[in-house]
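Take a look at the letters that make up each chain.
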Amino acid sequence: MPQDGLGSKSGGKKRSGGVPRVRSHTDAELQYYRDQDQDTILPPQFRVRLQGLFMQIEKEFEALYAQNLALQEKVETLTERLERESVIGERTGGPEETDAASTKGGIKSKSGGQSSQKVKAANKLRVQTSKIVSSFKNDSVSCRMVREYVGHRDGVWDVAISHCGTPVIATASADQTACVWGIDGGRNLLQYTGHSGSVNSVKFHPTQDLILSASGDHTAHIWQAAITPDQLRVHSSEDEVDGSDREDDDDLCQGGGRGESGVGATLRTPLRELTGHTSVVMAADWLPGGDQAITAAWDRTANLYDTHTGDLLSQLIGHDQELTHCASHPTQRLVVTASKDTTFRLWDFRETIHSVSVFQGHTESVTSVCFTREDKVVSGSDDRSVKVWDVKNMRSPLATIRLDSPVNRLAVSISNMIAIPHDNRHVRLYDLAGNRLARLPRSNRQCHRRMVCSVAWGDDSLGARCNLFTAGFDRIVYGWNIHAYKEGKD
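Remember, predicted model here, so these are calculated numbers, not experimental data.

Chemist: What am I meant to see in the packing of aromatic side chains here?
Modeler: In this description, a pair of aromatic rings is defined by centroid distance and the angle of the planes. Per the stated rule, a full pass over the model turns up seven aromatic pairs. Consider the rings of tryptophan 157 and phenylalanine 473, whose centres lie 4.9 Å apart with planes at 45 degrees: the pair is tilted. Of the two residues, tryptophan 157 is situated in strand β4 (residues 156-161) and phenylalanine 473 in the loop between β30 (468-472) and β31 (476-484); the sequence distance between them amounts to 316 residues. On the basis of relative accessible area, tryptophan 157 is assigned to the partly exposed category, the value being 27%. Among the residues examined, phenylalanine 473 registers a relative accessible area of 17% and is labelled buried. Pairing phenylalanine 344 with tryptophan 389 gives two aromatic rings, centres 5.6 Å apart and planes at 65 degrees, and the pair type is edge-to-face. Of the two residues, phenylalanine 344 sits in strand β19 (residues 344-348) while tryptophan 389 sits in strand β23 (residues 385-390), which places them 45 residues apart along the sequence.

Written out as structure tokens, the structure reads:
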């Protein structure tokens, strides 16, 4: 039996009990613990001993957690190095390829048909592996973090960008607010406080200065988000984020972070309140033209609304479990809804009698769905995969991307680049063919420290230096400059 430093014997005999000895305490200490809790029947000495043991256990767990984070960073670094070395070996056709060819010839001449079949199978596997490795192209995409948007007091669930010509983004947070930020200045220009629950989603109107937000208070709101050029010009800044250490979290929450200089105007009243759900509304989106909106909620339904009157036009029923996301096609009256029941559904409103198609391509909750401009659907799931589908023939995916962490709300750029946010704090970039392009850097502490909840692509025509935005549960939104190099050019 382990000893506690005071010996394991008493009066020359072994103790019969298994309880370790405890140190003696002064009468003042004992009286203090008696005053703290009069209801307990546990002797004060044992209470003190237990508290000390629990503190030791907590310290051990803290040390193990720190070691785990360090080891995880080492594994990620080694993985990146292995990928780079694989690319180099594949491009140069090094000695491994020569050795494989000569070995194949030797086996053919000695072993005959059976060995030849094995070599063919191995060579086929090598070709497939080469296709995978060839997707890791060095320097094909440049990723640089430009700005931080700091000010929320809780995790940021969603981020969206305006496509009306005004360089602003909107964020939805668990602190029950939604905010509008200037992209270049990084300042909080407008804060919406009309919801009484966590704000889970934000979307800009396609042509007007309106925002559609979904909340845990069972409603979706439409509110005014007009930002004047003077607001953007006065608070614009050309200072970029450097590599210095980030300030403490408390300072960030109080507006002391880089790229943020206080809170702008506050809006408390919506133009329209969309009601009808009986549970948390997880997501909302505008249909083309902005005359109608779709919402997805935990009550297993999706609702279609008239955005001018707020009337409920249709309730979409069919999912077996809570809905997690919804998205509308950019030009056609098509909607996709995702659910925890491992499926996503395609709803077609182009005809008077709408139709629905069910797609079972994942094994766990579908967390994200979105359309591309080429009539494709991209779905992400907790089963650690992203799949690309053709709307016209969705029997099987066009591409499947296998990942190492659950996927949150992804986004596809105009140039068909998929940004995939993960629970493990990473954001990876792929093309629609499933080829990996890059991973956002995690150097100089310029990275998310908790799960990345959502991403949004900007339009390069706005002239802003940031064209990708990532929102995390660490209460921070980052603006990135993503530049894809063309072959033969810098």
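Chemist: Looking at this model, I keep getting lost on the side chain of threonine 324. Mind explaining?
Modeler: Among the secondary structure elements, threonine 324 is positioned in strand β17 (residues 323-328). The class of threonine 324 is buried, set by a relative accessible area of 11%. For threonine 324, the side chain forms a polar contact with the main-chain oxygen of valine 366, separated by 2.5 Å. Setting aside residues no more than four positions away along its own chain, threonine 324 makes contact with Met282, Ala338, Ser339, Lys340, Ser365, Val366, Thr367 and Arg409.

Chemist: Honestly, the side chain of aspartate 285 in this entry has me stumped. Any pointers?
Modeler: For aspartate 285, the location among the structural elements is in strand β13 (residues 281-286). There is no salt bridge for the buried aspartate 285, and the closest opposite charge comes from lysine 203, which lies 4.9 Å off by N-O distance. In terms of polar contacts, aspartate 285 uses its side chain to reach the backbone amide nitrogen of serine 328, at 2.9 Å. Ignoring sequence-local partners within four residues, the contact set of aspartate 285 consists of Lys203, Leu212, Ala293, Ile294, Cys326, Ala327 and Ser328.

Chemist: Whenever I open this one, the pairing of strand β28 (residues 436-439) confuses me. Can you help?
Modeler: Two faces make up the sheet, and in a regular strand the side chains alternate between them. Pairing geometry for strand β27 (residues 427-431) and β28, over three bridges, is antiparallel. Bridge pairing in β28 links arginine 428 to arginine 439. Hairpin remark: β27 followed by β28, antiparallel, with four residues in the connecting loop; positive phi at glycine 434, about 90 degrees.

Chemist: I tried to follow the sheet that holds β17 on my own but got confused; where do I start?
Modeler: As a general point, the strands of a sheet are linked pairwise by backbone hydrogen bonds and lie either parallel or antiparallel. Here four strands make up an open sheet; going across it, the order is β17-β18-β19-β20 and the pairing antiparallel. For this open sheet the edge positions go to β17 and β20 (355-359), each flanked by a neighbour on one side alone. Within this sheet the neighbouring strands show an average axis-to-axis angle of 20 degrees, counted without direction. In the sheet, β17 pairs with strand β18 (residues 334-339) via five bridges, with the strands oriented antiparallel. In the strand pairing of β18, alanine 327 is matched with valine 336.

What counts and how
- Residues numbered from 1 in each chain as written.
- Predicted model: local features only at pLDDT ≥ 70, side-chain atom pairs only at ≥ 80, totals over all residues.
- Heavy atoms only, no water.
- Phe/Tyr/Trp six-rings, centres within 6.5 Å; stacked < 30°, edge-to-face > 60°.
- Helix = DSSP H or I, 4+ residues; strand = E, 2+ residues; numbered from the N terminus.
- Buried < 20%, exposed > 50% of the residue type's maximum accessible area, 1.4 Å probe, protein only.
- Polar contact = N/O pair within 3.5 Å; in protein donor to acceptor, adjacent residues only side chain to side chain.
- Contact = heavy atoms within 4.5 Å.
- Lys, Arg positive; Asp, Glu negative; His and termini not counted.
- Salt bridge = Lys/Arg side-chain N within 4 Å of Asp/Glu carboxyl O.
- Pairing = 2+ DSSP bridges.
- Axes fitted to C-alpha atoms, helices over the stretch in contact; angles between N-to-C directions.

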